Amino acid sequence: AQIEHTEPGDRTIDILGVVLGYEPHSTFTSKKGNEVTKRELTIGDESGRSIRCTLWGEQAFTPDAQFDNNPIVLVTKAKIGDYGGRTLSGAFSGGALEFNPSFAPEMNEVKNWLTSGGAENCISLSTAGGMSGGGGGDSVEKRRLMADIDNDNLGESGVTDAQGRVKADFINVKAYVTFVKSE
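Worth saying up front: this structure is predicted, and the values here are computed from it rather than measured. (Residues numbered from 1 in each chain as written. Predicted model: local features only at pLDDT ≥ 70, side-chain atom pairs only at ≥ 80, totals over all residues. Heavy atoms only, no water.)

Draft legend 1. Region of the structure containing the overall build of the protein. Within the protein, the secondary structure is distributed over 2 helices and 8 strands. Moving toward the C terminus, one meets the helices and strands of the protein in the order β-β-β-β-β-β-β-α-β-α. Out of the 183 residues in the protein, the part that is buried amounts to 34%. Across the protein, every contact between residues at least 6 apart in sequence was considered, and the portion connecting residues at least 24 apart equals 64%. Surface exposure of the protein reaches about 12,000 Å², of which carbon and sulfur atoms provide 48%. (Helix = DSSP H or I, 4+ residues; strand = E, 2+ residues; numbered from the N terminus. Buried < 20%, exposed > 50% of the residue type's maximum accessible area, 1.4 Å probe, protein only. Contact = heavy atoms within 4.5 Å. Areas by Shrake-Rupley, 256 points an atom, 1.4 Å probe, with all protein chains shown as cover.)

Draft legend 2. Representation of a nonpolar patch on the surface. Taken together, the side chains of Met146, Ile171 and Val173 define a hydrophobic patch exposed on the protein surface, amounting to about 290 Å² of accessible area. When you line up the elements, Val173 lands in the segment after α2 (146-151). (Patch = residues over 30% accessible without salt bridge, like charges linked within 9 Å, V, L, I, M, F, W, Y side chains within 5 Å. Salt bridge = Lys/Arg side-chain N within 4 Å of Asp/Glu carboxyl O.)

Draft legend 3. Region of interest: the nonpolar core. In this structure, Ile43, Leu55, Phe67, Val75 and Leu88 are the most contacted members of the largest nonpolar core, which totals 17 residues. When contributions to this core are tallied by element, the ones reaching two or more residues are β1 (12-22), β3 (35-44), β4 (49-56) and β5 (72-81). In this structure, Val18, Leu20, Met107 and Trp113 belong to the second largest nonpolar core, which totals 9 residues. (Core = buried A, V, L, I, M, F, W, Y, C linked by side-chain atoms within 4.5 Å.)

See below:
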């Protein structure tokens, strides 16, 4: 719950929460030319907040089935970021991903919150990413046309936060090149 008030930086935290959604792992080539694998989770807790958490490397290869049915996870050494709202980035090395960690003192609070239906009313601290529960991927109901960006005045809302700063609108665009004109 205090993540939203913590400035991003090099400091790491441990987070215990419920996996509310996940995406399959994906591999890409970084700007440095390295092959990198990642997986994105949405994690929520009894604070009524959820956050996007990116797992990297070996943690990203955790089988999808382990994320099904809203397991409680402990992610250690996660770095707080502000890409697309408030986000977490799991450690490339040295961090841990534990499922249903019975040794965590907050485990019962999180479990009670989940069983009482608390996960259904989470407010996301992450404004981009679009996870969906039990298998990942984007939701067809959330898809919109590019023309909607202009029609809905995204980026021009003028809504401000408590400090008077204009809030940004974030979107993800998935597009395919269907024609390239050759000369």
